[in-house]
Structures are given as C-alpha cells and as structure tokens.
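Observations on the model geometry
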Amino acid sequence: MADEPLVLGIETSCDETGVGIVRGHTLLADAVASSVDEHARFGGVVPEVASRAHLEAMVPTIRRALKEAGVAASDLDGIAVTAGPGLAGALLVGVSAAKAYAYALGKPLYGVNHLASHICVDQLEHGALPEPTMALLVSGGHSSLLLAPDITSDVRPLGSTIDDAAGEAFDKVARVLHLGFPGGPVIDRYAREGDPDAIRFPRGLTGSRDPVYDFSFSGLKTAVARWIEAKRAAGEEVPVADVAASFQEAVVDVLTRKAVRACKDNGVDHLMIGGGVAANSRLRALAQDRCEKAGITLRVPRPKLCTDNGAMVAALGAEMVARNRPASAWDLPADSSLPVTEPHVPAPDHDHGPGGHSHTHGHGHGHAHDHDHFHELSKDNLYP
C-alpha cells in the first residue's frame, strides 16, 4: 500500500466543497463542506452563492482532510481537481486552489472530469473497475449511460438526457409538492409510505421508435405537476406519499430498464451506478433485482460516495498517476461543458506535466521532481 500513489482531490462543481485523499484504491479522508442550506430558501443552487461558499471553505476543508488522513501535504504524489463539467464560477475556485497547492508543493496537477470521477469512486468501495465498465450516472445535472473501456482515457457516451436530468426532476416535483430542497432525499422518504402503483405516470422515451439509451424526464415532471394541480383545483387533498412513490417508480423504472439493456446489447456483465440519485433506495433495490435476473453484477458505492465529494476526484487522480497519464498544464481551464469523452485534461504537448515535473509510477513507484530555477524561486517567495 505504501507504494501506491497518494493523491488529494478537490471537487467544487456545484454546491459542495469536497476534499478527499486516497492511496491507490484506499480512502484515507473524505471531507465535505456543504452550502446546501444557503440555497434551500431559493429552491435551487445559486451559482454566485456556491462560489463564495467554496472560497470560504476551501483551506479549512483541505486542512481537515490532511489531518483526517494523517499525512502531510508534502507527502502527496499529486493534486487532482474537477476541471468540469459544472458551474463555471464554482469550478474556477477549485481549479485555482489546486493550481496553488500543486505549484507551491511541487506536485503534478491533474484536471479530471466530474462524470468520470463518479465512475472511478467505486474503486474505493469494490476494488478495481472491470474493463470495460458500463456506468449509469444520475444526478441533478446528468442522466447518462457510459461505456468505459479505460476510465483514464476512453469513456464513451451511449445515451444521455435530452431535457431534465433525473435529479432535476426530483427537485422540481418536490417543489410542486411543497417538500423543500433538495428533492431527492425527501421524495425517497415519502415514497416509502406510498403506493408506487397508485398513479401511472408516463415513462419517457420508452417507445419502439425512441432513442434506446437516451432519457427524458421533462414530460414526467409536467405530468406530475398537472395531476397535482387538478387535485388542488378540485379541492381534493393531494396524496403526497402516493405521488412521490408513483413518480419515483416512473424514474427508476426507465433508468434501470435502459441500463440493463445497454449491458446486454454491449456484452458487459457489470453495471456501475453513480451520481447523487444513486443514493435513492428504490433505484438501488430495483437495479439489484433486474441485474440479478439478467445475470449482471451490480456495483453501487455507499450513498455518501454517490453524492459529489473529493474522494471520487482523488480516486481518478490516483488512477492517472498509477497509469502514468500526463499531468495538466498550469493554464488548466475550468470548463463548464467539459465532455465526458475527456476523462482528464493533459498538457497540450503531453509533456512531463506542469512546472517541469517528471514523475514515474512504475516499478518501485519512484518519483523524481526536476524543478526549473524559476519554480524554486517562486516557492521560496511563497514559503520563506
């Protein structure tokens, strides 16, 4: 274990400041500072509020992670950070912090993809990912089916949402039901007391002529809202638990049906589910049932690792180091629309990484840092 790469990961794509530290596939620290309470009164995430919260939380959260892991910053083999996709301002805070730490410590910098990180985090729970891995990622901003022959360099999108993502639909339905924000956990809680067959809500894009792997939850969201409005207009009480259960069933039915089909069509016998909605209890149960019947092995991280966190970024960063992937450049951008086909953002010329670093992680896992003179002088100025 001591020979495996030790990497710190920073995640700031939305409203949570996550800092994780992993050694290889072992999680050492997972520190999170959430600003969700600051957004609740607005009914959704406010980008500027999120960015300011990241600024305030960044240094204390990094210090907490290092303390929890029992390591010094100088022990790290690399700094990984979510470069995208996500909220531009929020991403910029994380990328700027990662650059500062990497530069000051003389460590390689790895800008990684948020979605690929959600897949890679499962290695911290269930060991190395099978190759290829089929992944269903479901969150507030994404509903995607991805085939990953190599999580560090080859991630292929099979399908995605064409309108509202699953998590976004949960938030909007919860708002119509006056249940607050975020909607996912509260819908899940009410659904446990309701009847999933009470109301037959539509299943989007499941017709014979519809795209096989794409998702659409906008129509479902509208159907639920109109059903509730009709009840209220008639002066009738809205059965909140039954609405929550029926809506939730419509979502997870479509997600699991398409995911299992993708596995069968592509000859993949493993399915990994990640993203915030993967914490949903009914999604996990139905996926397990359908995968067992189809002879597919299901891999779902524990709920805390499904939501946004720094551990997932560190996990992908450690994999980059272990496989000798090129580091990112100092001008690494925060890319709010970074495509999932780019698991990480290497330096343009694929050189030895930023700051003149050359690093190897082969036999013996040795590290050599060949700093240029300007870099050394800058470090002295920063830390006399």
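Above: the structure in question.
Quick caveat, the model's predicted, so the values are computed rather than measured. (Residues numbered from 1 in each chain as written. Predicted model: local features only at pLDDT ≥ 70, side-chain atom pairs only at ≥ 80, totals over all residues. Heavy atoms only, no water.)

**Here's the deal with the layout of surface pockets**
By volume, the largest pocket is sized at about 1,200 Å³. The wall of the largest pocket is formed by 39 residues, among which Cys14, Asp15, Ser139, Gly140 and Asp171 lie closest to the centre. Looking at the lining of the largest pocket, the elements that each hand over two or more residues are helix H4 (114-120), helix H6 (166-176) and helix H7 (183-191). Of the residues forming the lining of the largest pocket, the biggest block, six residues, is contributed by H6. Residue classes in the lining of the largest pocket are distributed as 13 nonpolar, 18 polar and eight charged. Reported here for the second largest pocket is a volume of approximately 170 Å³. Considering the residues around the second largest pocket, the lining is formed by Leu205, Thr206, Gly207, Ser208, Asp210, Pro211, Val212, Arg257, Lys258 and Arg261. Among the residues making up the lining of the second largest pocket, the classes are represented as three nonpolar, three polar and four charged. (1 Å grid on protein atoms, 1.4 Å probe; cavity = no way out; pocket = protein on both sides within 12 Å on 5 of 7 lines; lining within 4 Å. Points joined across faces, edges and corners; volume = space filled by probe spheres on them. Helix = DSSP H or I, 4+ residues; strand = E, 2+ residues; numbered from the N terminus. Nonpolar A, V, L, I, M, F, W, Y, C, P; charged D, E, K, R; others polar.)

**Some words on the sheet that holds strand S5 (residues 109-113)**
Spatially, six strands are ordered S3-S2-S1-S4-S5-S11 in an open sheet, and the strand pairing comes out mixed. Of all the strands in the sheet, the pair left with one neighbour each is strand S3 (26-34) and strand S11 (344-345). Where strand S1 (residues 6-11) and strand S2 (residues 16-23) come together, six bridges link them in antiparallel fashion. Bridge pairing in S2 places leucine 8 opposite isoleucine 21. Against the sheet, helix H3 (residues 88-105) touches S1, strand S4 (78-84) and S5, its axis set at about 160° to S4. Here helix H12 (residues 310-322) sits on the sheet in contact with S1, S2, S3, S4, S5 and S11, set at roughly 135° to S1. (Pairing = 2+ DSSP bridges. Contact = heavy atoms within 4.5 Å. Axes fitted to C-alpha atoms, helices over the stretch in contact; angles between N-to-C directions.)

**Topic: unusual backbone geometry**
The omega torsion of the bond from glycine 84 to proline 85 falls at -10°, within 30 degrees of zero and hence cis. In this fold, proline 85 is placed in the loop between S4 and H3. Unusually for a residue other than glycine, histidine 178 sits at a positive phi of about 60°. Note on placement: histidine 178 falls in the loop between H6 and H7. Positioned with a positive phi, leucine 205 is a non-glycine residue whose angle comes to about 55°.

**Details of the sheet that holds strand S8 (residues 154-160)**
Pairing in this open sheet of five strands is mixed, and the strands run S8-S7-S6-S9-S10 from one edge to the other. Each edge of the open sheet carries a strand with a single partner, namely S8 and strand S10 (297-299). Across the sheet, the mean angle from the axis of one strand to that of its neighbour is 25°, orientation sign disregarded. Pairing between strand S6 (residues 133-138) and strand S7 (residues 143-150): six bridges, direction antiparallel.

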